[in-house]
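Here is how the chains run, residue by residue.
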Amino acid sequence: KRNSAKSVVKSLILTGLNPDGAKSKITSIKKLIRETNATVVTIQKTKYIQSGQMKLDGFYTYEHLRTNKDGGGVALSTLKDLNPSFVCNGGEKVEALTVDIHLKNMAVSVTSAYGPLENACAQKKQDFWEYLSQQADRARESGKGLIVQGDLNCWLGPEMLPGDKRSQNANRKLFKLF
């Protein structure tokens, strides 16, 4: 039962979105949650400039907004029944945040991330992939599952993603190393 405060969530339904601005699309986001029965929602490029604007009934929402310019930002909303706990965010350098959730028989670490663009400096890319690696190591060491969902700005190419019409980019190489 998804909407009962006493229920134990037995399955995870993840919905990932990159709406390029959540504020103007919040009605559509809520509709998608209802239609998919999502228990976790990750959003990249929220474009909120102030935290606390994204409110979803029955969910806790965690945000990591850009501080150096308007827009951008990531969010992660999780059904309250999953007993979420905030782990960390990427600070000034990395547009990502991690939250632990609890299913009936296991804990899962979920990261919402927005990767650096292809033309970003090498240090920015290194910081991003280092954050993801740290979260993967933390989850593994604590016996948790791991979900990384986001816009990683990787063009995987047909070698890794059959049917992909784009050629691979440099971010794909970093993804493959991860």
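Remember, predicted model here, so these are calculated numbers, not experimental data.

1. Quick notes on the overall build of the chain
Working step 1: Each helix and strand in the chain was counted, giving four helices and eight strands.
Working step 2: In the chain, which comprises 178 residues, the proportion classed as buried is 45%.
Working step 3: Pairs at least 24 apart in sequence give 54% of the contacts found in the chain among residues at least 6 apart.
Working step 4: Just so you have it, the chain exposes about 9,900 Å², and 50% of that area is on carbon and sulfur atoms.

2. Re the pattern of salt bridges
Working step 1: Counting across every chain of the model gives six salt bridges.
Working step 2: Lys176 serves as the salt-bridge partner of Glu159, at 3.8 Å between the closest nitrogen and oxygen. Of the two residues, Glu159 sits in helix α3 (residues 157-160) while Lys176 sits in helix α4 (residues 170-177), which places them 17 residues apart along the sequence.
Working step 3: The exposed category is assigned to Glu159, whose relative accessible area is 56%.

3. Some details on the sheet that holds strand β8 (residues 145-151)
Working step 1: With mixed pairing, the four strands of this open sheet are ordered in space as β5-β6-β7-β8. This sheet does not close on itself; its edge strands, each paired only once, are β5 (85-89) and β8. Averaged over all adjacent pairs, the angle separating strand axes in this sheet is 20°, with direction ignored.
Working step 2: Pairing of strand β6 (residues 96-102) with strand β7 (residues 107-114), which is carried by seven bridges, proceeds in the antiparallel orientation. By the bridge assignment, Ile101 is partnered in β7 with Val108.
Working step 3: Strands β5, β6, β7 and β8 of the sheet are contacted by helix α2 (residues 122-141), whose axis makes an angle of about 175° with β7.

4. So, α2
Working step 1: Between its terminal C-alpha atoms α2 stretches 28 Å, which fits the 28 Å expected from 20 residues at 1.5 Å a residue.
Working step 2: Looking only at α2, the buried set comprises Lys125, Asp127, Phe128, Trp129, Tyr131, Leu132, Gln135, Ala136 and Ala139.

5. So, the packing of aromatic side chains
Working step 1: Evaluation of the coordinates by the stated rule reveals four aromatic pairs.
Working step 2: Ring centres of Tyr62 and Phe86 lie 6.2 Å apart, and the angle between their planes is 20°; on these two criteria the pair is classed as stacked. Linking Tyr62 in strand β3 (residues 59-64) with Phe86 in strand β5, this pair joins segments that are 24 residues apart in sequence.
Working step 3: For the pair Phe128 and Trp129, a centre-to-centre distance of 5.2 Å together with 90° between the ring planes defines the contact as edge-to-face.
Working step 4: The exposure class assigned to Trp129 is buried, which follows from its relative accessible area of 8%.
Working step 5: Members of the aromatic cluster, joined through ring pairs, are Phe128, Trp129, Phe175 and Phe178.
Working step 6: For the cation-ring pair, Lys80 lies above Tyr60, with the distance from its terminal atom to the ring centre recorded as 5.2 Å.

6. What about the nonpolar core?
Grouped burial of nonpolar side chains is what soluble globular proteins tend to show.
Working step 1: Core analysis: the biggest nonpolar cluster contains 25 residues, and Ile33, Ile101 and Val110 have the highest contact counts within it.
Working step 2: Among the elements of the structure, α1 (26-36), β2 (40-44), β3, β4 (74-79), β6 and β7 are those that each provide at least two residues to this core.

7. Some details on the confidence of the model for the chain
Working step 1: Of the residues in the chain, 84% have a pLDDT of 70 or more, and the chain-wide mean is 83.
Working step 2: Note on residues 1-11: pLDDT is under 50 here. Beyond four places in sequence and across chains, it has 22 contacts.

Thresholds applied
- Residue indices begin from 1 for each chain and proceed along its sequence in written order.
- Totals for whole chains, interfaces and linings use all residues, but because this is a predicted model, local features are given only for residues with pLDDT of at least 70 and pairs of side-chain atoms are given and counted only at 80 or more.
- The basis for the side-chain values is all heavy atoms of the structure; hydrogens and waters are excluded.
- Secondary structure elements are taken from DSSP: a helix is a run of H or I of four residues or more, a strand is a run of E of two residues or more, and numbering for both begins at the N terminus.
- In this scheme, a residue with accessible area under 20% of its type's maximum is buried, one over 50% is exposed, and one in between is partly exposed, where area comes from a 1.4 Å probe on protein chains only.
- Whether two residues are in contact is decided by their heavy atoms: any pair within 4.5 Å suffices.
- Shrake-Rupley sampling with a 1.4 Å probe provides the accessible areas, and residues are treated as covered by the protein chains on show and by no other component.
- Should a side-chain nitrogen of Lys or Arg be within 4 Å of a carboxyl oxygen of Asp or Glu, the pair is scored as a salt bridge.
- For two strands to be treated as a pair, DSSP must find no fewer than two bridges joining them.
- Note on definitions: angles span 0 to 180 degrees between N-to-C directions of axes, and those axes are lines fitted to C-alpha atoms, for helices only across the stretch in contact.
- Here a helix's expected span is defined as the number of its residues, less one, multiplied by 1.5 Å.
- For Phe, Tyr and Trp, where Trp contributes only its six-membered ring, two rings pair if their centres lie within 6.5 Å, and the inter-plane angle classes them as stacked under 30 degrees, edge-to-face over 60, or tilted in between.
- Charge-over-ring placement is defined geometrically: NZ (Lys) or CZ (Arg) within 6 Å of the ring centre, and within 35 degrees of the ring normal.
- We define a nonpolar core as any set of buried Ala, Val, Leu, Ile, Met, Phe, Trp, Tyr and Cys residues linked to one another through side-chain atoms lying within 4.5 Å.
- The quantity called pLDDT is the predictor's confidence in a given residue, expressed from 0 to 100.

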